[in-house]
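Fold and contact review
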Amino acid sequence: MTTPWIATGLSDDLPCGGVMAGRWQDTQLAIWRSASGQLSAWKDRCPHRGMRLSHGFVRGETLSCIYHGWVYGLDGACKHIPAHPALTPPAAIRVEAFVCVAQDGILWLAPAGALDAPPSLSGLRAVRSISLTCGVEAVLAAEPDLSGHDMLRGAVNLAGQMHDICLLAQAKPDGITLHALSDPRADPVHVSRWLEALRRRAEERVAA
Amino acid sequence: MIVLYDYVLSASAYKVRLMAALLGVKLQLEAVDFHPGRAHKSAAFAALNPAGTLPVLVDGDLILTESTAMLVYLARTSCAKWLGGDTAKAQAQVQQWLAFSGRLAASLGMARLHDMLLYPGDINALRHQGHAALRELEAALTERRFAEQDWLAGDTPTIADIACFPNVVLSQDGGVSLDDYPAVRLWQRRIRSLDRFIEMPGIHRLHELRAAPVQV
Amino acid sequence: MIASQVLNEWYPVAMEQQIRAGQRRDTQLLGMPISVALQDGVIAVQGPVRTFPVILRFGHVWTCPGTPAHDLFTVPEADQPGRRLVDVGVVRVKCSPLRAVENFLDIAHFPFVHTDVLGAEPHTEVNRYEVQIREDSDEVWATKVTFYQPQAAKSAEGGGQTEYMYRVPAPTASVLYKTCPARPGEWDVIGIFVQPLSEELCEVWPWMALFDDVTPQADLIAFQQMIFVQDRSILENQLPRLLPLDPGMEIPTQADLTSIAYRRWLKKRGLTYGAQMVAA
């Protein structure tokens, strides 16, 4: 059974010390990178009072919740409760973790226990993410040069030259987000503008 | 001292408060009971600004009622590098962003006033327009990043960034999330990390900028 | 079907001054459309089928969409001579009305959410305090609450230890009493009156009764709105949306005694509008 890896963003969009919102199917996650570069993906909910951890802040190798400052370590266990500084937090206070891996410039997510690596996209360069209010079907209908389902691939014409494009689809409640890679010779500005045009065509189809 | 007729929850007034703080300029803040008192619509206030809007900046006999004009004035009289480059092209780009900031106020800003302070409005249309504006901002910031540029105009922050920042960073107050705009997310964080940055309600302090304190 | 205990309580629905000035307010209470307006010089609340009873108190219009089980609570400090009474103005929040009250009762968030105003690192410790559910009045009270604050009130100069008392006299209303810088020995009173529009949407009417002869009204209002709107982005991002009344979903600590008592009190009285009973 292959691991159901889902792309959630570009690695460059999450610098060390940063935290962002991510999603694996219907599960909202807080994705963060420690000062030393360690990636973590946790259910986006602090066990204290349910505040989204993606609104939190990173200090060193820990993520703290913005509400009461509860500090969590890389193992997902609560290390410190500012209201009770002398207390060692009970082991039961921990967050549920997913697996997050950076590969080929993409942040990949899978449920805990994933054994294999994400699909290889070596030779391609990550360009940007773009969110659409339509589904993959509308994108494929708008761009006949692409094929696939969760991973759309094809060769497209950018400023008169053919380039390989790969779009990793991530389901969202109101549409999809595509994480785009291209062959490294493509000018990223052309790729970005081609994506904007693709979005317009795909969303117009649905609106029509 | 420059006087600013102010309201703590106004994104436009905050543009000016923020610019002044970043410049190290002291403002005399005069709080106006915008909500619930609607004092900005009173006859007394109309004598100062017939349009009945906030903020209003007064410096001697100069009265300004547009927040972007206030940014220009503060930068020009204090630290001109915040105005952006001297060339025609650079100045035009700054003007383009100042004009764009009006669209952010009209969409994201009005969605926020609707959701938070019960202003009337077609909330779905406002949010849709807000997302459209954010998409444009995301595309522009993405291309800036490809050129290894962190700011909207030029290689240092300018009034273009300050004019656009408040309505963008407060967008979730009006039901518009920034989760789908990574370049915008990184840009707003950069602004919040600037020396002498000040927050307003709805913008949390970046606690990560301060090392974990030693407990007393 | 909304429980009769919930219907038989009093809820804030408007600011008295605004209705007296001629404003007609079409709004929602517990999912029902209502309107508040002057009728023949008297403030009336019209429900979907009949008019609801009205009490004018603390600068606000209160109504009961059922049969009132008791009178609306009182705050004697509001009648003290020299008090500044401040209607802070409504703020709408996409959260459960119960979450809004619970946040008001919490102090551990002060250094992180009201940074450099109501609290600051490293002064994050919450000292032990006392909580009780008072049988005679059937209200939740927390007393002897203390916290170090950099700027506790508009009238305060610099930081200091502030003492608080918290009181929940109704399911969606709370009043706090805090050290008054202008008059040591007296309490400044700040209330939060929450109008439940639905289980996940509320309009919050903050109110104050202060001793402060110096600060202009607009500044007092601005200060309290600042505090509340700092909380708003927290409230709109708490999951689950409905307040869990059964243990298991959320993990409280000693600092949360008031909120634990509040949840227990809500559950005991069947005031579960805006709450969920089974751990999701």
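In this report, we go over the structure that sits alongside the text. In this text, all values refer to a predicted model and were calculated from it rather than measured experimentally. (Residues numbered from 1 in each chain as written. Chains lettered and ligands numbered in written order. Predicted model: local features only at pLDDT ≥ 70, side-chain atom pairs only at ≥ 80, totals over all residues. Heavy atoms only, no water.)

**Focus on the overall build of chain A**
When helices and strands are counted, chain A shows 2 helices and 15 strands. Overall, chain A is about 65 × 35 × 35 Å in size when its C-alpha atoms are taken along their principal axes. Looking at chain A as a whole, 58% of its 208 residues qualify as buried. Considering only intrachain contacts with a sequence separation of at least 6, the fraction spanning at least 24 residues in chain A is 50%. Total accessible area computed for chain A in this model is approximately 8400 Å², and 53% of it derives from carbon and sulfur atoms. Chain A carries 19 positive and 20 negative side-chain charges, and their two centres are separated by 6 Å. (Helix = DSSP H or I, 4+ residues; strand = E, 2+ residues; numbered from the N terminus. Buried < 20%, exposed > 50% of the residue type's maximum accessible area, 1.4 Å probe, protein only. Contact = heavy atoms within 4.5 Å. Areas by Shrake-Rupley, 256 points an atom, 1.4 Å probe, with all protein chains shown as cover. Lys, Arg positive; Asp, Glu negative; His and termini not counted. Charge placed at Lys NZ, Arg CZ, Asp CG, Glu CD.)

**Looking at the sheet that holds strand β4 (residues 62–64) of chain B**
All names here are of chain B. Taking strand neighbours across the sheet as the criterion, the 4 strands line up as β2-β1-β3-β4 in an open arrangement whose pairing is mixed. The open sheet is flanked by β2 (27–31) and β4, the only strands paired with a single partner. Mean inter-strand twist for the sheet, computed between neighbouring axes without regard to direction, equals 20°. (Pairing = 2+ DSSP bridges. Axes fitted to C-alpha atoms, helices over the stretch in contact; angles between N-to-C directions.)

**Considering the packing of helix α2 (residues 188–207) of chain A against helix α5 (residues 123–146) of chain B**
At their nearest, the axes of α2 of chain A and α5 of chain B sit 9 Å apart, and the two run at 160° to each other. When the axes of α2 of chain A and α5 of chain B are compared, the pair comes out roughly antiparallel. At the point where α2 of chain A passes α5 of chain B, the crossing takes the right-handed sense. Listed contacts from α5 of chain B to P188, V189, S192, R193, E196, R199 and E203 of chain A of α2 of chain A are R135, A139, T142, E143 and F146 of chain B. When its residues are assigned to classes, the contact of α2 of chain A with α5 of chain B shows 4 nonpolar, 2 polar and 6 charged. (Parallel < 35°, antiparallel > 145°, perpendicular 65-115°, else oblique. Left-handed = near helix turned anticlockwise from the far one by under 90°. Nonpolar A, V, L, I, M, F, W, Y, C, P; charged D, E, K, R; others polar.)

**Quick notes on the interface of chain B and chain C**
At the junction of the two partners, chain B supplies 28 residues and chain C supplies 33 residues. Both sides of the chain B and chain C interface together cover about 2500 Å² of buried area, and 54% of this is carbon and sulfur. At the boundary of chain B with chain C, the tally comes to 3 salt bridges. The salt bridge involving D116 of chain C is made with R205 of chain B; its shortest N-O contact spans 3.1 Å. Our count for the chain B to chain C interface comes out at 12 residue pairs in polar contact (both at pLDDT 80 or more). (Buried area = accessible area lost by both parts, 1.4 Å probe. Salt bridge = Lys/Arg side-chain N within 4 Å of Asp/Glu carboxyl O. Polar contact = N/O pair within 3.5 Å; in protein donor to acceptor, adjacent residues only side chain to side chain.)

**Points about the state of the cysteines**
Every disulfide links exactly two cysteines, by a covalent bond between their sulfur atoms. For the structure shown, the criterion picks out 0 disulfides over all chains. Of all cysteine sulfurs in the structure, the one in C16 of chain A sits closest to C100 of chain A, which takes part in no disulfide; the separation is 13 Å. Take C100 of chain A: its relative accessible area is 11%, and that puts it in the buried class. Of the cysteine sulfurs around C79 of chain B, a residue in no disulfide, the closest is that of C164 of chain B, at 19 Å. (Disulfide = S-S within 2.5 Å.)

**What to know about the interface of chain A and chain B**
Listed as interface residues are 30 residues of chain A and, on the opposing side, 23 residues of chain B. Roughly 2000 Å² of surface becomes buried between chain A and chain B when both sides are summed, with 50% attributable to carbon and sulfur atoms. Considering only the surface of chain A that becomes buried against chain B, D13, R59 and I66 of chain A emerge as the three largest contributors, covering 26% of it. The closest approach of N and O atoms between E143 of chain B and R193 of chain A, which form a salt bridge, is 2.7 Å. Between chain A and chain B we count 10 residue pairs in polar contact (both at pLDDT 80 or more) in total. Elements with a contribution of two residues or more to the side of chain A that touches chain B: β2 (19–24), β5 (57–59), β11 (125–132) and α2 of chain A.

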